[in-house]
Amino acid sequence: MKELLQTLPKVDELLRDPLFSHTQSKILKPLIQKSLQNLREQILSKTLTSFSLDKFKQELLSIYEKNTQSTIKPLVNATGVVLQTNLGRSLFSKEILDEVFPLLMHYNNLEYDIKEGKRGERYTHIKHLLCTLLGCEDAIVVNNNASAVLLILSTFGKDKEVIISRGELVEIGGAFRIPEVMKLSGSKLVEVGTTNKTHLSDYEEAISEETSMIMKAHQSNFKQIGFTSSVEFSALTALAKKRGIIDYYDLGSGYMQGLQTNEEPSILELCKASPSLLSFSGDKLFGGPQAGVIVGRAELIAKLKKNHLLRALRVDKFTTLALEATLRAYLNNELEKIPTLKMLNLTSEEILQKAKDLHALIQSIPNLECQIIALDSLAGGGSLPQTPFKSHGLSIHFPTLKASNLEKALRERGIITRINQERVCLDLRCIDQSEYTQIYNALQQISEVSNAK
Ligand SMILES: *Cc1c(COP(=O)(O)O)cnc(C)c1O
């Protein structure tokens, strides 16, 4: 035991080792000390009976790298789910980033009024574009749509009643639940109707002296079918106007235009009825940066601006610029700059061609069984929950590997897939041609490893 303890290297020796010449010693030193301490304890407790210096140095190096390298990696999304919240939701196109980056490398007038030579307001830039696009009176932007809901409820609902249908007390991914947010904001939740049916008269009868708002929440991530009915937002807007209260639509998914669907309410259409307030996510179907966009009546937006909570929910310049560039893409009808829409609009035939190209590239890999198959992609991100987007992909298999092991091996090489009927499937909808080589290399490696067994 004593001998083994004596074979342990000294901290200074290790720090001078050429293997660590590229490392920062102030980071490496505590790692070495901690690892040596662990070794000593293991030797004393007799759980360690031999020691290899080379192995120890390699371990130190990998701990060092783990602690100093970025853990965010690019991934290939082969799931066919376009808006994958776990994988970062909407992507940016190079065109949008090319508009944003030069501005980020200079000082700018985000919050400076050039004409007056004094402090300006960061929301004016976005406001002009949104008002042009939607015909609304005013707009502001916060960190995400969850913040938008919280800001609106705490500004107008605090110690007052907010009416909402029982069918819309929704939970979105990431533990966002309407009743919880209401509680947090200090609003009193007034549920009306039933789970499956809510009528206009339910809202009418619930309005009292204490009512500040009728809220509608989009059933983003689920769909009710069968014996159901809900009230159109335009009818709620009309009712709210008549009774002098606020109507607010938490739209979430934020569909503007550009898809062949009538399943999602469009912001453009909804704004025609001049709602009091409407909010949506920037990075769902809208296809921009993470943000919560609030549009509506000027006097109400002015009150939101006076709420001190806004300071804590404020968006930075990157978000503002990326949102602005995305809005300009909508205004100029350049929807090809928005990857979310582009991917959702790929036809089944276009994706079939991609599947054929990838198939041709990988089919020579030893032992790989690979077939082109028809698949259904999904929009994801709490939108269009029941709408399948006809797609194509590859079903892949190695005789020596279970599907779950192949899925894991691909995942560890940065390729995220789905398993369908005991087969790993790669949906080509969200895979870019530039990613084919990565897939080829991963499969080639897996083929070698699985063969060696
Ligand atoms: C997605 C969603 C939210 C939360 O939006 P984030 O931008 O993810 O914060 C809130 N409400 C509805 C209806 C949603 O669909």
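The model shown is predicted, which means the values in this text are computed figures rather than measured ones.

A.B. asks: Residues and numbers for the sheet that holds strand E5 (residues 138-142), please.
C.D. replies: Spatially, the 7 strands line up as an open sheet ordered E5-E13-E12-E11-E10-E6-E9, and their pairing is mixed. Edge positions in the sheet fall to E5 and strand E9 (188-192), since each of these pairs with one other strand and no more. Across the sheet, the mean angle from the axis of one strand to that of its neighbour is 20°, orientation sign disregarded. As paired elements, strand E11 (residues 246-252) and strand E12 (residues 277-281) share 4 bridges and run parallel to each other. Bridge pairing in E12 links Tyr-249 to Leu-278. Against the sheet, helix H12 (residues 298-306) contacts E5, E11, E12 and strand E13 (292-296), and its axis sits at roughly 30° relative to E5.

A.B. asks: Lay out the site of the ligand in plain terms, naming residues and giving numbers.
C.D. replies: Near the ligand you find 13 residues, and of these Ala-146, Ser-220, Asp-250, Ser-281 and Lys-284 are the closest. Measuring from an oxygen atom of the ligand, one finds a backbone N or O atom of Ala-146 at 2.9 Å. Take Lys-284: an N or O atom from its side chain is 2.7 Å from an oxygen atom of the ligand. Bound to the protein, the ligand loses 94% of the 380 Å² it would expose on its own. Only helix H7 (145-156) and E11 provide two or more residues apiece to the shell around the ligand. A class-by-class count of the residues in the shell around the ligand yields 3 nonpolar, 7 polar and 3 charged.

A.B. asks: Give me the domain arrangement of the protein chain: which residues, what numbers.
C.D. replies: Split into domains, the protein chain comes out as domain 1 (2-68), domain 2 (76-83 + 343-452) and domain 3 (92-337). With centres defined by C-alpha atoms, the gap from domain 1 to domain 3 works out at 54 Å.

A.B. asks: Residues and numbers for the sheet that holds strand E17 (residues 418-420), please.
C.D. replies: The strand order across the open sheet formed by 5 strands is E2-E14-E15-E18-E17, and the pairing between neighbours is mixed. Edge positions in the sheet fall to strand E2 (81-83) and E17, since each of these pairs with one other strand and no more. Strand after strand, the sheet turns through a mean of 45° between neighbouring axes, direction not considered. Bridging between strand E14 (residues 369-380) and strand E15 (residues 389-397) involves 9 bridges; their strand directions are antiparallel. Its bridge partner lying in E15, Glu-369 is registered against His-397. Across the sheet, helix H16 (residues 348-362) lies against E14, E15 and strand E18 (423-427), angled at about 15° from E15, the strand it touches most.

A.B. asks: Describe in detail the pairing of E5, supporting the description with residues and values.
C.D. replies: Within E5, 5 of the 5 residues are buried, which leaves it mostly tucked inside the rest of the structure. Neither face of E5 is left uncovered, since the one carrying Asp-138, Ile-140 and Val-142 and the one carrying Ala-139 and Val-141 both have all their residues buried. Inspection of the sheet shows E5 paired to E13 by 5 bridges, in the antiparallel sense. Directly across from Val-142, in E13, lies its bridge partner Gly-292.

A.B. asks: Give me the lowdown on unusual backbone geometry, citing residues and values where you can.
C.D. replies: Where the residue is not glycine, phi is negative for most of them; where a peptide bond is considered, it is trans in most cases. Positive phi outside glycine occurs at Lys-46, with the angle close to 65°. Along the chain, the position of Lys-46 falls in the loop between helix H3 (25-44) and helix H4 (53-68). Backbone geometry at Asn-367 places phi at a positive 70°, although glycine is not the residue there. Secondary-structure assignment places Asn-367 in the loop between H16 and E14.

A.B. asks: I'd like a description of helix H10 (residues 233-243), backed by residues and values.
C.D. replies: Because an α-helix completes one turn every 3.6 residues, residues spaced three or four positions apart along the sequence face the same direction. Looking at H10, one finds that the buried residues are Phe-233, Leu-236, Thr-237, Leu-239 and Ala-240. Seen end-on, H10 carries its buried residues on one side only, within an arc spanning 165°. Facing away from the buried side of H10 by over 90 degrees, the exposed positions are Lys-241 and Lys-242. Contacts from the buried residues of H10 go to helix H9 (200-206), strand E10 (211-217), E11, helix H11 (267-271) and E12.

A.B. asks: Any chance you could break down the packing of H7 against helix H8 (residues 178-185) for me, citing the residues and the numbers?
C.D. replies: H8 packs onto H7 with a crossing angle of 45° between their chain directions and a minimal axis gap of 8 Å. In terms of their interaxial angle, H7 and H8 are classed as oblique. Viewed along their axes, H7 and H8 form a crossing whose handedness is right-handed. Residues Val-149, Leu-150, Leu-153 and Ser-154 of H7 form the contact with H8, whose own contacting residues are Val-181, Met-182, Leu-184 and Ser-185. Among the residues making up the contact of H7 with H8, the classes are represented as 6 nonpolar, 2 polar and no charged.

A.B. asks: Pulling in residues and values, what's your account of the packing of helix H6 (residues 124-134) against helix H14 (residues 317-331)?
C.D. replies: Contact geometry for H6 and H14: axes closest at 10 Å, N-to-C directions at 25°. Judged by the inter-axis angle, H6 sits roughly parallel to H14. Regarding H6 and H14, the two cross each other, and that crossing is left-handed. Within the contact between the two elements, H6 uses His-125, Ile-126, Leu-129, Leu-130, Thr-132 and Leu-133 and H14 uses Thr-320, Leu-323, Glu-324, Leu-327, Arg-328, Tyr-330 and Leu-331. Each residue belonging to the contact of H6 with H14 can be placed in one class, and the counts come to 8 nonpolar, 3 polar and 2 charged.

A.B. asks: Tell me what's going on with the layout of surface pockets, and back it up with residues and numbers.
C.D. replies: In this structure, the largest pocket encloses a volume near 790 Å³. What lines the largest pocket is a set of 27 residues, among which Leu-91, Pro-339, Met-343, Cys-430 and Glu-435 lie closest to the centre. Secondary structure elements with two or more residues in the lining of the largest pocket: helix H5 (94-104), helix H15 (339-345) and H16. Element by element, the count of residues in the lining of the largest pocket is highest for H15, at 3 residues. Residues belonging to the lining of the largest pocket are distributed by class as follows: 12 nonpolar, 4 polar and 11 charged. Looking at which domains feed residues into the lining of the largest pocket, each of domain 2 (76-83 + 343-452) and domain 3 (92-337) supplies at least three. Roughly 590 Å³ of internal volume is contained in the second largest pocket. Along the wall of the second largest pocket there are 28 residues; nearest its centre are Lys-216, His-218, Gln-219, Ser-230 and Tyr-249. Residue composition of the lining of the second largest pocket, grouped by class: 9 nonpolar, 12 polar and 7 charged.

The rules we used
- In this numbering scheme, every chain counts its residues from 1 along its sequence in written order.
- The model is predicted, so local features are restricted to residues of pLDDT at least 70 and side-chain atom pairs to those at 80 or more, both for listing and for counting; the totals for chains, interfaces and linings are taken over all residues.
- The side-chain quantities take in all heavy atoms of the structure and omit both hydrogens and water.
- Think of it this way: DSSP has to see at least two bridges between two strands before they count as a pair.
- Working definition: helices are DSSP H or I runs of at least four residues, strands are E runs of at least two. Numbering for both runs from the N terminus.
- Axis definition: a line fitted to C-alpha atoms, over the contacting stretch in the case of helices. Angles run 0 to 180 degrees between N-to-C directions.
- Contacts are residue-level and defined by heavy atoms, with any inter-residue pair within 4.5 Å sufficient.
- Any residue with a heavy atom lying within 4 Å of a molecule or strand is counted as near it.
- Here a polar contact means two N or O atoms within 3.5 Å. Within protein one must be a hydrogen donor candidate and the other an acceptor candidate, and residues neighboring in sequence count only if both atoms are side-chain atoms.
- Each accessible area value is a Shrake-Rupley result obtained with a 1.4 Å probe; residue values ignore everything except the protein chains displayed when judging cover.
- Here the nonpolar group is Ala, Val, Leu, Ile, Met, Phe, Trp, Tyr, Cys and Pro; Asp, Glu, Lys and Arg are the charged ones; every other residue, Gly included, is treated as polar.
- The domain boundaries here were taken from an automatic or database domain assignment.
- We call a residue buried when its accessible area falls under 20% of the maximum for its residue type, exposed when it is over 50%, and partly exposed in between, using a 1.4 Å probe and counting protein chains only.
- Directions pointing from the helix axis toward each C-beta atom define the arc.
- Note on terminology: angles under 35 degrees are roughly parallel, angles over 145 are roughly antiparallel, angles of 65 to 115 are roughly perpendicular, and the others are oblique.
- What makes a crossing left-handed is the near helix being turned counterclockwise from the far one by less than a right angle; a clockwise turn instead makes it right-handed.
- Detection works on a 1 Å grid of protein atoms alone, calling trapped sets that fit a 1.4 Å probe cavities and calling open sets with protein on both sides within 12 Å along at least five of seven lines pockets, with lining residues defined by an atom within 4 Å of a point.
- Grid points are joined across faces, edges and corners, and a volume is the space filled by probe spheres set on the points.

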